[in-house]
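One letter stands for each residue in the lines below.
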Amino acid sequence: MFAFRTIALVAATLATGLVAGVFYAYAISVMPALHRTDDRSMIDVMQKINVVIVNPWFMFSFMGAVAFTVLAAALHLGKDSRTTLIWIAVALVLNVIAFLITSGLNVPLNNQLAAAGDPAQIGDLAAVRSQFESSWVAWNIARAVLHTLAFLVLIGGLFVAGMQHGSANAAALPAGGAVASGFGGQPVRGGFAAPIAQVPAQGFAPAQPQFAAAQPQFASARPQFAPVPGQR
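Residues numbered from 1 in each chain as written. Predicted model: local features only at pLDDT ≥ 70, side-chain atom pairs only at ≥ 80, totals over all residues. Heavy atoms only, no water.

## Some details on the layout of surface pockets
Link 1 in the chain: As a volume, the largest pocket reaches approximately 340 Å³.
Link 2 in the chain: Breaking the lining of the largest pocket down by element, the ones donating at least two residues are α1 (2-35), α2 (39-52), α3 (56-75), α4 (82-115) and α5 (125-172).
Link 3 in the chain: Among the elements that line the lining of the largest pocket, the one with the most residues is α4, at six residues. (1 Å grid on protein atoms, 1.4 Å probe; cavity = no way out; pocket = protein on both sides within 12 Å on 5 of 7 lines; lining within 4 Å. Points joined across faces, edges and corners; volume = space filled by probe spheres on them. Helix = DSSP H or I, 4+ residues; strand = E, 2+ residues; numbered from the N terminus.)

Put into structure tokens, the structure is as follows:
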């Protein structure tokens, strides 16, 4: 169960971080650059961006930020993970608010810009731009901030979930902290095995007489090398 919870929480964190990065990029680069262009260029580029942005990669992060967070919250229901659930719930609220801003404010502005038609055929380009740009930029900054906060909260949730899992494992250990096994399946206290202490001491004793018995052999071999009287 812990594995499924972790996968869902990681997916929620990843999706939220990705969508926050997209809106952050709009806020610090795309929109400031378009602000310096003429009315026709700005309208033309934004119309094209609003078409190509609807792709599987963006939808994974945009929809997944909410969907995966809901899944993570559902998997963390229960008193054993209540602290983690609080973090996920806060992130879910932030993601939902950002999602509502996008779908209820930014997207209608995009549709309004698309309905203006071909920039070459628009009679009052400045009016179309003024009805779109300032409002869209403001709401984009708001949703970028909300998704970024949700991303940070989900990172905190991952940390808390890991701490809770570690504490649960530590509490499940027997009294005395047996964490490893020595020879013969005997538990070893403190996590360090002492294999030498498990080997019977008499296993080395029979070898001692063998060395003692071998000593006379060397002693008896000495006369063979003694010089014979009268020989050089």
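So much for the structure itself; the text now carries on.
## Some words on the nonpolar core
Link 1 in the chain: Phe23, Met31, Met42, Ile43, Met46, Phe132 and Trp136 are the most contacted members of the largest nonpolar core, which has 20 residues in total.
Link 2 in the chain: Within the residue set of this core, elements represented by two or more residues are α1, α2, α3, α4 and α5.
Link 3 in the chain: Once residues lying within four places of it in the same chain are set aside, the contact partners of Ile43 are Leu113, Pro119, Ile122, Leu125, Val128 and Arg129. (Core = buried A, V, L, I, M, F, W, Y, C linked by side-chain atoms within 4.5 Å. Buried < 20%, exposed > 50% of the residue type's maximum accessible area, 1.4 Å probe, protein only. Contact = heavy atoms within 4.5 Å.)

## Observations concerning α2
Link 1 in the chain: With 14 residues, α2 extends 20 Å from end C-alpha to end C-alpha; this agrees with the ideal 20 Å at 1.5 Å per step.
Link 2 in the chain: Where α2 is concerned, the buried positions are Met42, Ile43, Met46, Gln47, Ile49 and Asn50. All buried residues of α2 fall inside an arc of 165° around its axis, so they share one side. Counted as exposed and oriented over 90 degrees from the buried face of α2: Val51 and Val52.
Link 3 in the chain: Of the residues that open α2, the one with a side-chain oxygen 3.1 Å from the backbone nitrogen of Arg40 is Asp38. (Expected span 1.5 Å × (residues − 1). Arc of directions from axis to C-beta. Polar contact = N/O pair within 3.5 Å; in protein donor to acceptor, adjacent residues only side chain to side chain.)

## Focus: the packing of α2 against α4
Link 1 in the chain: Relative to each other, α2 and α4 sit at 120°, their axes nearing to 10 Å. One finds that α2 runs oblique with respect to α4. Crossing angle aside, the handedness with which α2 passes α4 is left-handed. Listed contacts from α4 to Ile43, Met46, Gln47 and Asn50 of α2 are Asn110, Leu113 and Ala114. (Axes fitted to C-alpha atoms, helices over the stretch in contact; angles between N-to-C directions. Parallel < 35°, antiparallel > 145°, perpendicular 65-115°, else oblique. Left-handed = near helix turned anticlockwise from the far one by under 90°.)

## Here's the deal with α4
Link 1 in the chain: For α4, built from 34 residues, the straight-helix expectation of 50 Å at 1.5 Å per residue is met to within 8% by its first-to-last C-alpha distance of 48 Å.
Link 2 in the chain: Within two residues after α4, Gly117 carries a phi angle of roughly 90°, on the positive side.

## Focus on the pattern of salt bridges
Link 1 in the chain: Scanning the model with the defined rule gives three salt bridges in all.
Link 2 in the chain: Residue Arg129 is joined to Glu133 by a salt bridge in which the shortest nitrogen-to-oxygen separation is 2.8 Å. Here Arg129 and its partner Glu133 are both found in helix α5, four residues apart, which amounts to about one turn of the helix. The exposure classification of Arg129 matches that of Glu133, with both residues buried.
Link 3 in the chain: Members of the salt-bridge network, linked through shared partners, are Asp39, Arg129 and Glu133. (Salt bridge = Lys/Arg side-chain N within 4 Å of Asp/Glu carboxyl O.)

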